[in-house]
Amino acid sequence: MAEAQARQRGGNADDGPATAEGAVRFEVDGEIAAITLARPDKRNAQTFATWSALARIGESLPEQVRVVVVKGEGPSFSAGIDLRMFTSEGVPGQGSFSSAAASEDAGFEQRIRQAQAGFLWLRRPEIVSIAAVQGHAIGAGFQLALACDLRIVADDVSFCMKEPALGLVPDLTGTKPLVELVGLAKAIDICLTARTVHADEAMRIGLAEQVVARSDLDQAVREKVTALLSTNRDAAVATKRLLQGARARSLEEQSRAEGIEQAARIKALFG
Ligand code: ACO
């Protein structure tokens, strides 16, 4: 991303409410955007500021971007929510679970919805999102990887949905893609035991599209980005729309949807 056309750098989540951006770095290079969780000394632990930063990136994503790569700096993709949320002091400027428990239900639910906005946009048909995952992807880290369309992982990856072990549920949009990727039984097994899923199993059960040596992760992601950019942009958007809608439609409805998309393509190409 040497020729980054746009660059935003957030401060550290410790900075407090005025400047907190959750330590998320955002770079755009033509049709490619990179989002980097940049708090390696804390294993890219996430806070509400992280999720606000992600949501803002989604809101202002330049139109030309076709591929978004989400990665984490340092040894781990992300160790999940900042554990200070479980303390009475909480995260400076962002509260704690104790303060949330004391607030109105509607207020906290609204805060969760705002946090989810940081994850939801990664599924837009206009982009393909790729999580490049090394080391630990725990809780919110696992869910961030699940929010992406594709996961390319290093051979040292360990996914863990730790929320139930801590008395919580996964609420950062991860439950639906997990069930869709691995099936209900395996999702129950993974979440309700909070066990670790390593690279081999991740590949076998469909959590990862590709496993590579840790040193090859960046290169593997670059190659996937190049391959994704090699197809026609409008056809890619229409095809992703079709694929995303397929599960909820009957075969007949899906066939009709294919016809509608194709008619639009043919008009655009030959009309
Ligand atoms: N929140 C805040 N700080 C964290 C977190 C976290 N989730 N994870 C790691 N850190 C900090 C550590 O406190 C430590 O800080 P320090 O150097 O100031 O002492 C630093 O990151 C490095 O952590 P280590 O444990 O030394 O790193 P290591 O690579 O050995 O282990 C691991 C990494 C396995 C991820 C471990 O840190 C860990 O278990 N973290 C907690 C994971 C967790 O329970 N997350 C919550 C999931 S639930 C959810 O996300 C909703």
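Worth saying up front: this structure is predicted, and the values here are computed from it rather than measured.

(A) Structural view of the sheet that holds strand 9 (residues 196-198). Taken in spatial order, the 3 strands of this open sheet run 6-8-9, and their pairing is mixed. What marks the edges here is a single partner per strand, and that holds for strand 6 (136-138) and strand 9. Going from strand to strand, the sheet's axes swing by 20 degrees on average, the running direction of each strand aside. When strand 8 (residues 158-160) meets strand 9, the two strands line up antiparallel, connected through 3 bridges. Note on strand 9: the bridge partner recorded for Ser-158 is His-198. Sheet strands in contact with helix 4 (residues 140-147) are strand 6 and strand 8, and its direction is about 95 degrees off that of strand 6.

(B) Geometry of empty space enclosed by the protein. For the coordinates displayed, the defined rule picks out 1 cavity of 30 Å³ or more. In this structure, the largest cavity occupies an estimated 30 Å³ of space. For the largest cavity, the full set of lining residues is Gly-22, Ala-23, Leu-37, Ala-38, Arg-39, Asn-44, Ala-45, Gln-46 and Thr-50. Split into classes, the residues belonging to the lining of the largest cavity amount to 4 nonpolar, 4 polar and 1 charged.

(C) Structural view of a nonpolar patch on the surface. A cluster of nonpolar residues, Leu-83, Phe-86, Leu-166 and Leu-168, forms a patch on the protein surface that exposes about 340 Å² of accessible area. Along the chain, the position of Leu-83 falls in the loop between strand 4 (67-72) and helix 2 (97-102).

(D) Summary view of the domain arrangement of the protein. Domain boundaries in the protein define domain 1 (2-230) and domain 2 (232-271). One C-alpha centre belongs to domain 1, the other to domain 2, and the line joining them spans 29 Å. Each side of the interface is counted separately: domain 1 has 15 residues, and domain 2 has 8 residues. Counting the surface lost from both domain 1 and domain 2, the interface buries some 800 Å², and carbon and sulfur atoms represent 42% of this. Sorting the residues of domain 1 by area buried against domain 2 places Arg-66, Pro-125 and Glu-180 first, and these three jointly supply 60% of that buried surface. Inspection of the domain 1/domain 2 interface yields 2 salt bridges. Residue Lys-240 is joined to Asp-149 by a salt bridge in which the shortest nitrogen-to-oxygen separation is 2.6 Å. At the junction of domain 1 and domain 2, the tally comes to 8 residue pairs in polar contact (both at pLDDT 80 or more).

(E) Spotlight on the layout of surface pockets. One number sums up the size of the largest pocket: a volume of about 950 Å³. Elements with a contribution of two residues or more to the lining of the largest pocket: helix 4, strand 7 (150-154), helix 5 (175-182) and helix 9 (233-246). Tallying contributions element by element places helix 9 first for the lining of the largest pocket, with 8 residues. Grouping the amino acids of the lining of the largest pocket by side-chain chemistry returns 16 nonpolar, 5 polar and 11 charged. Along the walls of the second largest pocket sit 26 residues, with Ile-81, Phe-86, Phe-97, Glu-163 and Leu-168 positioned nearest its centre. Of all the secondary-structure elements, those providing two or more residues to the lining of the second largest pocket are helix 1 (48-59), helix 3 (105-120) and helix 4. Its residues assigned to classes, the lining of the second largest pocket comprises 17 nonpolar, 3 polar and 6 charged.

(F) Representation of the packing of helix 9 against helix 10 (residues 251-270) in the model. Interaxial distance between helix 9 and helix 10 falls to 10 Å at its minimum, and their mutual angle equals 170 degrees. Taken as axis vectors, helix 9 and helix 10 run roughly antiparallel relative to one another. Touching Asp-234, Ala-235, Ala-238, Arg-241, Leu-242, Gly-245 and Ala-246 of helix 9 are Gln-254, Ala-257, Glu-258, Glu-261 and Arg-265, all from helix 10. When the residues that make up the contact of helix 9 with helix 10 are grouped by side-chain class, the tally is 5 nonpolar, 2 polar and 5 charged.

(G) Inspection of the site of the ligand at higher detail. Neighbouring residues of the ligand: 16 residues in total, closest Lys-42, Ala-79, Ile-81, Leu-83 and Ala-140. One nitrogen or oxygen atom from the main chain of Asp-41 is found 3.2 Å from an oxygen atom belonging to the ligand. When the ligand sits alone it has 940 Å² of accessible area, and the protein chains cover 63% of it. Counted by class, the shell around the ligand contains 7 nonpolar, 3 polar and 6 charged residues.

The rules we used
- Residues numbered from 1 in each chain as written.
- Predicted model: local features only at pLDDT ≥ 70, side-chain atom pairs only at ≥ 80, totals over all residues.
- Heavy atoms only, no water.
- Pairing = 2+ DSSP bridges.
- Helix = DSSP H or I, 4+ residues; strand = E, 2+ residues; numbered from the N terminus.
- Axes fitted to C-alpha atoms, helices over the stretch in contact; angles between N-to-C directions.
- Contact = heavy atoms within 4.5 Å.
- 1 Å grid on protein atoms, 1.4 Å probe; cavity = no way out; pocket = protein on both sides within 12 Å on 5 of 7 lines; lining within 4 Å.
- Points joined across faces, edges and corners; volume = space filled by probe spheres on them.
- Nonpolar A, V, L, I, M, F, W, Y, C, P; charged D, E, K, R; others polar.
- Patch = residues over 30% accessible without salt bridge, like charges linked within 9 Å, V, L, I, M, F, W, Y side chains within 5 Å.
- Areas by Shrake-Rupley, 256 points an atom, 1.4 Å probe, with all protein chains shown as cover.
- Salt bridge = Lys/Arg side-chain N within 4 Å of Asp/Glu carboxyl O.
- Domains from an automatic or database assignment.
- Buried area = accessible area lost by both parts, 1.4 Å probe.
- Polar contact = N/O pair within 3.5 Å; in protein donor to acceptor, adjacent residues only side chain to side chain.
- Parallel < 35°, antiparallel > 145°, perpendicular 65-115°, else oblique.
- Near = heavy atom within 4 Å.

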